[in-house]
Amino acid sequence: MKSLILSLSILFTLPFFSSAQWQEGIPNVVVPNYLLGKVHFTSTLNGWISGSDNGFLRSSNSGLSWYYFNPFPSDTAWSLADPAVTMSWIGTNYGWKIASFGRKFSDIRGVVVYRTTDGGTNWSKKVLSYETGDIGFQIQFVNQNVGWLSSFNIQTATQKIYRTTDGGTNWNRITNPPSGGVFYFVNENIGYTINLSEIASPPFGILKTTNGGQNWNQIYLDNTNTGFTALHFLNDNQGWVVGKSRKILKTSDGGINWTVVSVPGITNDFNCKTLFLKSFNQAWISVSENGTPIKRLIFTSDGGSNWYYKNFPEGSGSVFSIFFYDQNYGWYTKDSCIQNCQ
């Protein structure tokens, strides 16, 4: 797990891939030292970005401009930007964000969840913990009632996973959770999780549950010293997983078999940070090369047989989150940028 300190965060938006004509979105309010985390659009116009406190950036014009919004400005809260897994939306009305009490990574003292049921007009909050060292790590819902969250105590190195069946009013702790990773659920029962390099120790694995997270079975084992970073599944069977040292894997049978995907020009010195699947054959992945300023977005439309590249200028940071509302409209968030970043 890492804590990043940056002074500039930029969002880009994409009308369509074709020649990678991304447009830069500009915040209308500058928030010093504000990091952009996960991006999600509930329509082609209305979008949200989870920020590095308990607030958001919000757009109503497809991401061309953004406004800062904090539902509980009196709360002293801090939220992870990397990895970008602290926000979840279902439809246009139901949204959640997980945060931690405190002002920075070294001052964490509990976990809180913010929730809206009317598209962000009104918000409520649920405090899960006031324990020192407890950090809100991830939240994901599969419908308006069923969701999961995880917290991690930075003092005891203990990860906890909770499940709700009433939209987040009540949370029940899962007694046998996997450790050191992020999860992705495709429905109320089936989910996958990966071991992150920043939290877990090798060997690194991919695990699967078929009973809502109560039990997990390992479906892939990686004995190298570099772990996984992100996963995205479309349904029970189809999904991709990426990681450090150019790890890209995909499965079409629920993890029984995995195919290693190679990308020309991407060597073991490249780390894959995050990904988004538009379909099983259409994948966007952000990559960066160790020890160099090279950062890229790569895209395939045929399952990895051919790849297209978008290079970022020297000095750019990494892409934290990618989201597509449909086949034509997509957005990504970036941790820092220099001039002329489109």
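In this text, all values refer to a predicted model and were calculated from it rather than measured experimentally.

Explain the pairing of strand β18 (residues 204–209) to me, please; I cannot follow it from the model alone.
Each regular strand carries side chains that alternate between the two faces of the sheet. Counting buried positions over the six residues of β18 gives six, a clear majority of the element. Pairing between strand β17 (residues 191–195) and β18: four bridges, direction antiparallel. From the neighbouring strand, Ile-194 faces β18, where its bridge partner is Ile-206. As paired strands, β18 and strand β19 (residues 217–222) are joined by five bridges and run antiparallel to one another. When the bridges of β19 are listed, Ile-206 appears paired with Tyr-220.

Can you walk me through the sheet that holds strand β13 (residues 147–153) in this structure?
Note on sheets: strands pair through backbone hydrogen bonds, and any given pair is parallel or antiparallel. Strand order in the open sheet formed by four strands is β12-β13-β14-β15, with antiparallel pairing between adjacent strands. Edge strands, defined here as strands with exactly one partner in the open sheet, are β12 (134–141) and β15 (172–173). Looking at chain direction, strand β14 (residues 158–164) and β15 are connected through two bridges and run antiparallel. Looking at β15, one finds that Arg-163 is bridged to Asn-172.

What should I look at first to understand the nonpolar core in this one?
Side chains of a nonpolar character, in soluble globular proteins, are inclined to be buried together. Core analysis: the largest hydrophobic core is formed by 21 residues, its most contacted members being Ile-194, Ile-206, Phe-228, Leu-231 and Val-241. For this core, the secondary structure elements donating two or more residues are β12, β17, β18 and β20 (228–233). Here the element with the most residues in this core is β20; it accounts for three residues. In terms of nonpolar packing, the next biggest core, distinct from the first, is built from 18 residues, Val-39, Phe-41, Trp-284 and Ile-322 among them.

Before we go on, may I ask you to explain the packing of aromatic side chains in this structure?
If you walk through the whole model with that rule in mind, you get 25 aromatic pairs. Seen from their ring centres, Trp-89 and Trp-123 are 6.2 Å apart, and the 90° between their planes marks the pair as edge-to-face. One end of the pair, Trp-89, is in strand β8 (residues 87–90); the other, Trp-123, is in the loop between β10 (111–116) and β11 (124–129), and 34 residues separate them in sequence. The same class applies to Trp-89 and to Trp-123, which are both buried. Between Tyr-220 and Phe-228, the ring centres sit 6.4 Å apart and the planes meet at 65°, which makes this aromatic pair edge-to-face. Accessibility expressed as a relative area gives 23% for Tyr-220, which makes it partly exposed.

So, how was this worked out
- Within each chain, residues carry numbers counting from 1 in the order of the written sequence.
- Where totals are concerned, whole chains, interfaces and linings use all residues; where local detail is concerned, this predicted model gives features only for residues with pLDDT of at least 70, and gives and counts side-chain atom pairs only at 80 or more.
- Hydrogens and water molecules were not included; the side-chain quantities draw on all heavy atoms of the structure.
- Note on exposure labels: buried denotes an accessible area under 20% of the residue type's maximum, exposed denotes more than 50%, and partly exposed covers the range between, all computed with a 1.4 Å probe on protein chains only.
- Secondary structure counts use DSSP, requiring at least four H or I residues in a row for a helix and at least two E residues in a row for a strand, with both numbered from the N terminus.
- Only when DSSP finds a minimum of two bridges between them are two strands counted as paired.
- By nonpolar core we mean a set of buried residues, namely Ala, Val, Leu, Ile, Met, Phe, Trp, Tyr and Cys, connected to one another through side-chain atoms within 4.5 Å.
- Note on aromatic pairs: the rings of Phe, Tyr and Trp (six-membered ring only in Trp) are paired at centre separations within 6.5 Å, and the planes decide the class, stacked below 30 degrees, edge-to-face beyond 60, tilted for the rest.

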